[in-house]
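The chain contents come next:
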Amino acid sequence: MGIGVVMVYSASFYNALIVGGKTDQYLIKQASYAVLGLFLCYVAFMLKEKILKSQRILSFVMIVTCGSLFYLLGRAYLVPSSRVNGASAWINLGLINFQPLELAKLFLIMFLALMLTNKQNRLLNKQGWKEVVREVSQPLLIVGSIIIMVFFQPDIGGALILSLITLVLISSSTIPGKLIAELSGVLLTVFIAMIVIITKFPPAFVKHNYAYQRFLAMQHPFQLEQKAGAQLVNSFYAISNGGVFGDGLGNSIQKRGYLPEPHTDFIMSIISEELGFVGVFIVLSLLMILILRMISLGFRSKKTYNSLVYYGVATMILAQIILNVGGLLGLIPLTGVTLPFISYGGSSMLVLSVALGIVLNLEATAKFEEIKKG
């Protein structure tokens with residue numbers, strides 16, 4: 001969070017000055033989000049485990065999440081001018097622009113972890129897909145509805161993250177491994193087929209789509225430098241300029257009007273330009289420590305629910321890193337996904353903080369129970 005606050009200020013002060021704002025406006029907001037995030041992390045850590053597993057609370061969060069996403073979906077098609085970069089993803093609450101997608105990520109983790117844990121004994125004995133689907137049809141219907149609403153915002157990156165979380169939690173449940181392998185194979189085949197169709201035989205209605213233009217930019221960034229490839233090319237320049245040790249904090253050239261969102265989607269490019277490979281390595285290493293630690297806790301946990309929550313939060317953070325950094329390097333299309341704890345944004349910071357507070361809560365509770373037993 002500390003690195004994020006510093007880099008948001010460094011990446012944003014020039015653009016804020018150009019548009020007539022205060023140079024420290026994003027610094028103040030990001031620092032406020034960080035402080036509030038730490039407070040919410042503490043609150044989540046202090047909650048009793050039964051509150052985290054409360055069906056009533058989960059139902060309330062589900063209503064808020066689905067209601068917000070449905071509102072955005074309706075607004076996107078009824079008021080096309082409300083879209084930003086082709087998508088309608090934020091609700092202005094005054095002090096903060098609330099992004100329902102972030103709440104949906106945490107809800108999916110907590111909801112699926114509880115549902116799959118409650119059904120773990122019954123799922124363990126199922127040997128066919130019909131039996132499994134019958135057991136999990138209701139929760140998957142809710143999850144599928146949320147993913148579809150996010151996809152049609154349209155937010156393909158967000159829908160992909162939600163899908164990965166769902167797949168990882170289902171794969172980590174007590175559903176027999178043979179069925180999981182079959183599911184993974186089918187999904188991989190469908191995904192590859194979709195990529196081939198879009199690449200080789202794009203339908204007419206897709207060719208002018210905003211997401212498709214980003215897909216083309218990934219393939220031919222320099223040929224499309226004056227159009228969809230501009231962001232990616234400038235990201236390449238920033239990474240190249242930084243080298244190993246960078247040009248120095250505050251000295252980025254690409255943040256001065258070349259990269260449109262240097263403090264959000266492209267903050268890692270600015271880190272690369274100003275702090276070099278060393279700075280990028282430190283940031284990614286800190287994030288990977290969090291992820292690997294949660295995966296390790298998941299392997300060692302004796303509680304299915306705890307393991308699923310750990311895996312879900314780790315997947316959420318890892319997926320965002322892959323989509324963000326992969327997009328900046330031109331390995332995958334740009335999706336607009338922010339870098340966890342580093343990019344500017346209140347919704348992301350607060351939800352991630354709560355998620356880590358829940359992880360700390362569950363692990364501390366498990367350790368206290370072990371101490372009491374023995």
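Rules behind the numbers
- Residues numbered from 1 in each chain as written.
- Predicted model: local features only at pLDDT ≥ 70, side-chain atom pairs only at ≥ 80, totals over all residues.
- Heavy atoms only, no water.
- UniProt positions renumbered as here; feature names shortened; annotations may be inferred.
- Phe/Tyr/Trp six-rings, centres within 6.5 Å; stacked < 30°, edge-to-face > 60°.
- Helix = DSSP H or I, 4+ residues; strand = E, 2+ residues; numbered from the N terminus.
- Buried < 20%, exposed > 50% of the residue type's maximum accessible area, 1.4 Å probe, protein only.
- Lys NZ or Arg CZ within 6 Å of the ring centre and 35° of its normal.
- Core = buried A, V, L, I, M, F, W, Y, C linked by side-chain atoms within 4.5 Å.
- Contact = heavy atoms within 4.5 Å.
- 1 Å grid on protein atoms, 1.4 Å probe; cavity = no way out; pocket = protein on both sides within 12 Å on 5 of 7 lines; lining within 4 Å.
- Points joined across faces, edges and corners; volume = space filled by probe spheres on them.
- Nonpolar A, V, L, I, M, F, W, Y, C, P; charged D, E, K, R; others polar.
- Salt bridge = Lys/Arg side-chain N within 4 Å of Asp/Glu carboxyl O.

As recorded in an unreviewed UniProt entry, the chain goes by Probable peptidoglycan glycosyltransferase FtsW and comes from Companilactobacillus kimchiensis. Check the Function (unreviewed entry) section of the UniProt entry for the chain; it says "Peptidoglycan polymerase that is essential for cell division." As recorded by UniProt, the Subcellular location (unreviewed entry) comment attached to the chain reads in full: "Membrane".

**Re the packing of aromatic side chains**
Scanning all chains against the criterion turns up 8 aromatic pairs. Between phenylalanine 151 and phenylalanine 152, the aromatic rings sit 5.3 Å apart at their centres with planes inclined by 90°, giving edge-to-face as the arrangement. Between phenylalanine 222 and phenylalanine 236 the ring centres are 6.1 Å apart and the planes differ by 35°, which places this aromatic pair in the tilted class. Of the two residues, phenylalanine 222 is situated in the loop between helix 11 (210–219) and helix 12 (230–242) and phenylalanine 236 in helix 12; the sequence distance between them amounts to 14 residues. Given a relative accessible area of 21%, phenylalanine 236 falls into the partly exposed group. Linked through ring pairs, Tyr26, Tyr33 and Tyr344 together constitute an aromatic cluster. The lysine or arginine in question, lysine 53, covers the ring of tyrosine 305, its NZ or CZ lying 4.6 Å from the ring centre. A cation sits over an aromatic face here: arginine 256 above tyrosine 14, 6.0 Å from the ring centre.

**Description of the nonpolar core**
Ranked by size, the top nonpolar core spans 79 residues in total, and within it Val309, Val313 and Leu339 carry the most contacts. Residue contributions to this core peak at 14 residues, all from helix 14 (residues 304–328). Among residues more than four places away in sequence, those in contact with valine 309 are Ile109, Met110, Ala113, Ile358 and Leu362.

**So, the layout of surface pockets**
Roughly 680 Å³ of internal volume is contained in the second largest pocket. For the lining of the second largest pocket, the secondary structure elements donating two or more residues are helix 2 (25–46), helix 3 (49–52), helix 4 (55–78), helix 5 (100–118) and helix 15 (346–373). In the lining of the second largest pocket, the residues fall into 22 nonpolar, 1 polar and no charged.

**Points about the pattern of salt bridges**
Summed over the entire model, instances satisfying the criterion amount to 6 salt bridges. Note that glutamate 49 and lysine 303 form a salt bridge whose closest N and O atoms lie 4.0 Å from each other. Residue glutamate 49 is located in helix 3, and its partner lysine 303 is located in the loop between helix 13 (267–300) and helix 14; the two are separated by 254 residues in the primary sequence. Residue classification places glutamate 49 among the buried residues on the basis of a relative accessible area of 14%. The exposure class of lysine 303 is partly exposed, given its relative accessible area of 26%. Measuring nitrogen to oxygen at the nearest pair gives 2.7 Å for the salt bridge that ties glutamate 369 to lysine 303. Within this pair, whereas glutamate 369 is found in helix 15, its partner lysine 303 is found in the loop between helix 13 and helix 14, the two being separated by 66 residues in sequence.

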